[in-house]
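# Observations on the model geometry
Residue-level listing of the chains:
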Amino acid sequence: MTELLSTMSQQHREHLAQLQNRLLTTPLDSIPIDVYKELMITYLCLSKINEAKFLWENLSAPMKTDKEFQFLASLVSLLNLKQYGDFYKLCQTTTENGSSSQTMTLNIQQLISRVTIQNVELIELAYKSISFDDLQKIFGLNTKMVEQICNERGWQIDAGGVYVSPKRNDNMNAVSNSNLAKLVELVCFLER
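Worth saying up front: this structure is predicted, and the values here are computed from it rather than measured.

### Describing helix α3 (residues 49-57)
Since one α-helical turn is 3.6 residues long, residues separated by three or four positions face the same way. Burial in α3 covers these residues: Ile49, Ala52 and Leu55. All buried residues of α3 lie within an arc of 125 degrees about the axis, which places them on one face of the element. Facing away from the buried side of α3 by over 90 degrees, the exposed positions are Asn50, Phe54 and Glu57. In the core, the buried residues of α3 are packed alongside α2 (33-45) and α5 (67-80).

### Comments concerning the side chain of Arg153
Looking at where Arg153 falls in the secondary structure, it is placed in helix α9 (residues 143-153). For Arg153, the side chain forms a polar contact with the side chain of Glu124, separated by 2.7 Å.

### A few points about the confidence of the model for the protein chain
Per-residue pLDDT for the protein chain has a mean of 84; in total, 86% of the residues score no lower than 70. Across the protein chain, the element-wise mean pLDDT spans from 61 in helix α10 (residues 170-191) up to 94 in α3.

### Re the environment of Asn119
Here Asn119 lies in helix α7 (residues 102-126). According to the relative accessible area criterion, Asn119 is buried, its value standing at 5%. Sequence-wise, Asn119 and Tyr84 are 35 residues apart; in three dimensions their C-alpha atoms are separated by 9.0 Å. If near-sequence neighbours (up to four positions away) are discounted, Asn119 is found in contact with Tyr84, Tyr88, Ile138 and Phe139.

### Description of the packing of aromatic side chains
Where two aromatic rings form a pair, the distance of their centres and the angle of their planes describe that pair. For the structure on display, the rule yields three aromatic pairs. Both rings, one in Trp56 and one in Phe69, keep their centres 6.3 Å apart while their planes meet at 50 degrees; by these two values the pair is tilted. Taken together, the residues Trp56 in helix α3 and Phe69 in helix α5 connect sequence positions 13 residues apart. A relative accessible area of 0% means that Phe69 is categorised as buried. Taking 6.1 Å as the distance between ring centres and 50 degrees as the angle between the ring planes, the aromatic pair formed by Tyr88 and Phe139 counts as tilted. Of this pair, Tyr88 sits in helix α6 (residues 84-97) while Phe139 sits in helix α8 (residues 132-139), placing them 51 residues apart in sequence. For the residue pair Tyr88 and Phe139, the accessibility class agrees, reading buried in each case. Three or more aromatic residues joined by ring pairs make a cluster, and in this case those are Phe87, Tyr88 and Phe139. Directly above the aromatic system of Trp56 lies the positively charged group of Lys64, at a separation of 5.4 Å from the ring centroid.

### A closer look at the sheet that holds strand β1 (residues 130-131)
With respect to topology, three strands assemble into an open sheet ordered β1-β3-β2, the strand pairing being antiparallel. Bordering the open sheet on either side are β1 and β2 (156-157), each of which pairs with just one other strand. Sheet analysis places β2 next to strand β3 (residues 163-165), joined by two bridges and oriented antiparallel. Bridged to Ile157 within β3 is Val164.

The rules we used
- Residues numbered from 1 in each chain as written.
- Predicted model: local features only at pLDDT ≥ 70, side-chain atom pairs only at ≥ 80, totals over all residues.
- Heavy atoms only, no water.
- Buried < 20%, exposed > 50% of the residue type's maximum accessible area, 1.4 Å probe, protein only.
- Helix = DSSP H or I, 4+ residues; strand = E, 2+ residues; numbered from the N terminus.
- Arc of directions from axis to C-beta.
- Contact = heavy atoms within 4.5 Å.
- Polar contact = N/O pair within 3.5 Å; in protein donor to acceptor, adjacent residues only side chain to side chain.
- pLDDT = per-residue confidence, 0-100.
- Phe/Tyr/Trp six-rings, centres within 6.5 Å; stacked < 30°, edge-to-face > 60°.
- Lys NZ or Arg CZ within 6 Å of the ring centre and 35° of its normal.
- Pairing = 2+ DSSP bridges.

Okay, here's the thing in structure tokens:
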């Protein structure tokens, strides 16, 4: 999953560079509102919440009346406050209503994927066990979907279905140990 996340991040960084270049080379009065929307969703996909907030705060008043921009500002707020359950619910209702463009829906799905992968990895790092109800609240998903995530990740669910034991990714520990070894070598070199 970490590879998928890094691939997605690389694509979004490249897209961000293209958008920023376009903004720098185009006269301000001829930039369509969709470019700013793309910029905001790209910031969100790269976990650049502060940049997304700054963009929202500096938009002109007419742009702030746009429904998709208001939706994106709500996502910024929810991600900033780490209210993931509400984040997932808002994304789900918006994509189900079909009230946003096809491009926006695709971007929202990519954002949901990024947030989900990030949360799963954080849960694996932080918890030895977590209640099933808490997982449902974090992801804002129904029981079947949370069970699917648990099964895909190889997490153990107790017999009563009350607690989940997240399985830690062994590759993460190997990377951490190698980084720790490099750090020790660096410190030893600097102490000489």
